[in-house]
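Okay, here's what each chain looks like letter by letter:
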Amino acid sequence: MRHFTQLPPLALYIHLPWCEQKCPYCDFNSHAVREDIPENAYVDALLADLALDLPQVWGRKIETVFIGGGTPSLFSVDAINKLLSGLRALTNLSPMAEITMEANPGSAETEKFCGFREAGINRLSIGVQSFSDRCLSLLGRVHNSAQATHAVEAAQAAGFARINIDLMFALPEQTLSAAVADVEHALALQTTHLSYYQLTLEPNTLFHHVPPPLPEDDLAFDMQTAAQEKIQNAGFAQYEISAYARQEDYCQHNLNYWQFGDYLGIGAGAHGKITHPADASIRRYSKQRSPARFIATSNSDARIVGNRTVEIAETGIEFMMNAMRLIDGVPKQLFLEHTGITPVQIQGAIEKAQSAGLLIVEKNRVRPSERGLLFLNDLLDIFMNEPAAPARVIPINAAP
C-alpha cells in the first residue's frame, strides 16, 4: 500500500474536439465540423462533467488549465467566457493560474483573440506547424504562411504576453534550409515559447495508411540539431524533449504532466489522473469519445468509459516515462511525493539505464544523459521491460 502525506499539484484539462477539417497526421480525438458546433450544449456538458468529477478533489486548488482540441479557437468568445465563468464558480481556481488555449491561424479566429484574453485566457498556443505554404499544403492545413504570421502578431496585439508556437520538422518534401528557415521565422516573431517536434506517422491516421515521402533519418537529425542551435542562440533553453523557453515561460501545465502531477480531464475523450489519499490509490479515467455521446451522458456515470487503478508495480514505470522527457530530470524526492513509494521498486532499471550510459544519477536528482535524450525510446524501454522490485512504502517526509 502507498503512503501519501501530501498531494501533487492539480491541473485541469478541457477538451474541445472540433476542427475545421481533420489533418492527415492527427491522431487526437478531433472531428471535422459538418454543421454548427453545439456550443451551448457542449459547454453545459463540460460544466456538468466537471461538477461530477469535483468530489474526487474537494478542497484542492487547480493550479493550471489547458483548453485543447481539436481547435478550441473555433468556439465563440461568449462560449469561452461562459466556460471560464462556470469553472471559477465551481472550483478553487488559483488566482495566478496559467490558463492556456490552443488556437489555429485563420482570420475568423484571430479576430476573437482580444475577447479570449478578456475572458481570462492568459497563454495562447498557436498551431503553426510550418511557415512554408508548400509544407502546409502537404500537411493538409487550412491556413497559409501569411495567416500564421498574422495570428502571432494578432495575439501579441491582443495583449498576450505568453505565446507558444507549435512547429514541426521532417515534413514531406522539406529540405534542411526550409526547416531552418521555419525556426528563424518563428524566432523573429519573438514569442515566449516554442514547441518543436518531428512529424511522426501515428496509427489510425491517413498518413499512416498512405505514408508521404519523408526526409531520411540522417536529414531529420541534421534539421533538429541545426534548429536547436538557432533556438538556443536566441536565449531559449530546451527544458523538455520538444519544448524551448526561458525559465519564467516554461509551460506549467505540461510540467505537471511530466512530473506525474494530478489532473482532471473533462470533455469528449479527455483523460484524467487523480491521487486518492483515503485509500492511498492513484486512478486514471477517460470520458466518452463521441461529442454527441459525451453531451448525452455528461450528467451521469455513463460519461466515464475507462477507470482503472494504477498498480504499485506500474507506478515507477509511469513516473519515469513522463519524467525522462525533462532535460534536467527530476529530484529523487519527487518520486516519493508523487507516487507514495520509494524508488527501490525501479532500482534495477535505474542501474541498467545508468550502465548503458542513458541515465545520470546524482545525489539528489536523476536525469537522462545526452545519449539518453538522443535515444529516449531505448531509455524508456528499459523501464518498461525491467521487472519491478517489490515496493517498499515509507512516509514521504522520511529520509530517502
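Structure's up top.
Residues numbered from 1 in each chain as written. Predicted model: local features only at pLDDT ≥ 70, side-chain atom pairs only at ≥ 80, totals over all residues. Heavy atoms only, no water.

A. Seen up close, unusual backbone geometry. G70 follows G69 through a cis peptide bond whose omega is 20°. For G70, the location among the structural elements is in the loop between β4 (62–69) and α2 (77–90). Even without a glycine there, the phi angle at Q129 is positive, about 70°. The backbone of A280 shows a phi angle near 50°, a positive value even though the residue is not glycine. Assignment of secondary structure puts A280 in the loop between β12 (271–276) and β13 (281–287). (Helix = DSSP H or I, 4+ residues; strand = E, 2+ residues; numbered from the N terminus.)

B. Representation of helix α12 (residues 312–323) within the structure. When the terminal C-alpha atoms of α12 are compared, their 17 Å separation across twelve residues agrees well with the 16 Å that a helix rising 1.5 Å per residue should span. Every buried residue of α12 is accounted for by T315, G316, I317, E318, F319, M320 and A323. (Expected span 1.5 Å × (residues − 1). Buried < 20%, exposed > 50% of the residue type's maximum accessible area, 1.4 Å probe, protein only.)

C. Main features of the packing of helix α14 (residues 347–355) against helix α16 (residues 376–385). The contact between α14 and α16 brings their axes to 8 Å, and the two run at 150°. Classified by the angle their axes make, α14 and α16 are roughly antiparallel. For α14 against α16, the interelement crossing comes out right-handed. Facing A349, I350, K352 and A353 of α14, the residues of α16 in contact are L379, I382 and F383. Of the residues assigned to the contact of α14 with α16, the class counts are six nonpolar, no polar and one charged. (Axes fitted to C-alpha atoms, helices over the stretch in contact; angles between N-to-C directions. Parallel < 35°, antiparallel > 145°, perpendicular 65-115°, else oblique. Left-handed = near helix turned anticlockwise from the far one by under 90°. Contact = heavy atoms within 4.5 Å. Nonpolar A, V, L, I, M, F, W, Y, C, P; charged D, E, K, R; others polar.)

D. Structural context of the pairing of β13. Of all seven residues in β13, six are buried; the element is thus mostly enclosed. Both β12 and β13 contribute to a ladder of six bridges, which runs antiparallel. Within β13, the residue paired with K273 across the bridge is R284. Count of turn residues in the β12/β13 antiparallel hairpin: four residues, of which A280 carries a positive phi of about 50°. Looking at chain direction, β13 and strand β14 (residues 304–309) are connected through five bridges and run antiparallel. What sits directly across from Y285, in β14, is N307. (Pairing = 2+ DSSP bridges.)

E. Representation of the sheet that holds strand β15 (residues 330–331) in the model. Pairing is antiparallel in the open sheet, where three strands are placed in the order β15-β17-β16. Edge positions in the sheet fall to β15 and β16 (359–361), since each of these pairs with one other strand and no more. Looking at chain direction, β16 and strand β17 (residues 365–368) are connected through three bridges and run antiparallel. Of the residues in β17, the one forming a bridge with I360 is R367.

F. Molecular detail of the pattern of salt bridges. Taken as a whole and assessed by the stated rule, the structure comprises 18 salt bridges. Among the salt bridges present, the one from D49 reaches R303, with a minimum N-O distance of 2.6 Å. Within this pair, whereas D49 is found in helix α1 (residues 39–53), its partner R303 is found in the loop between α11 (291–297) and β14, the two being separated by 254 residues in sequence. Residue R303 is classed as buried on the basis of its relative accessible area, which comes to 2%. (Salt bridge = Lys/Arg side-chain N within 4 Å of Asp/Glu carboxyl O.)

G. Geometry of the environment of V77. Mapped onto the fold, V77 is located in helix α2. C-alpha of V77 to C-alpha of A11: the two residues are 66 residues apart in sequence and 23 Å apart in space.

H. Seen up close, the nonpolar core. Ranked by size, the top nonpolar core spans 67 residues in total, and within it I121 and Y196 carry the most contacts. The dominant element in this core, judged by the number of residues it contributes, is α1, at six residues. In this structure I121 touches I67, I80, L84, I99, M101, F116 and F160, once residues within four positions along its chain are discounted. Residues F4, F319, M324 and A349 belong to the second largest nonpolar core, which totals 35 residues. (Core = buried A, V, L, I, M, F, W, Y, C linked by side-chain atoms within 4.5 Å.)

I. Representation of the side chain of H338 in the model. Among the structural elements, H338 can be located in helix α13 (residues 332–339). Within the local environment of H338, its side chain forms a polar contact with the backbone oxygen of Q259, the two atoms lying 2.6 Å apart. For H338, the residues in contact, after removing those within four places along its chain, are F4, P8, P9, Q259, F260, G261, I282 and F319. (Polar contact = N/O pair within 3.5 Å; in protein donor to acceptor, adjacent residues only side chain to side chain.)

J. Summary view of a nonpolar patch on the surface. On the surface, F221, L374 and F375 cluster together to form a nonpolar patch covering roughly 300 Å² of accessible area. Residue placement: F375 occurs in the loop between α15 (370–374) and α16. (Patch = residues over 30% accessible without salt bridge, like charges linked within 9 Å, V, L, I, M, F, W, Y side chains within 5 Å. Areas by Shrake-Rupley, 256 points an atom, 1.4 Å probe, with all protein chains shown as cover.)

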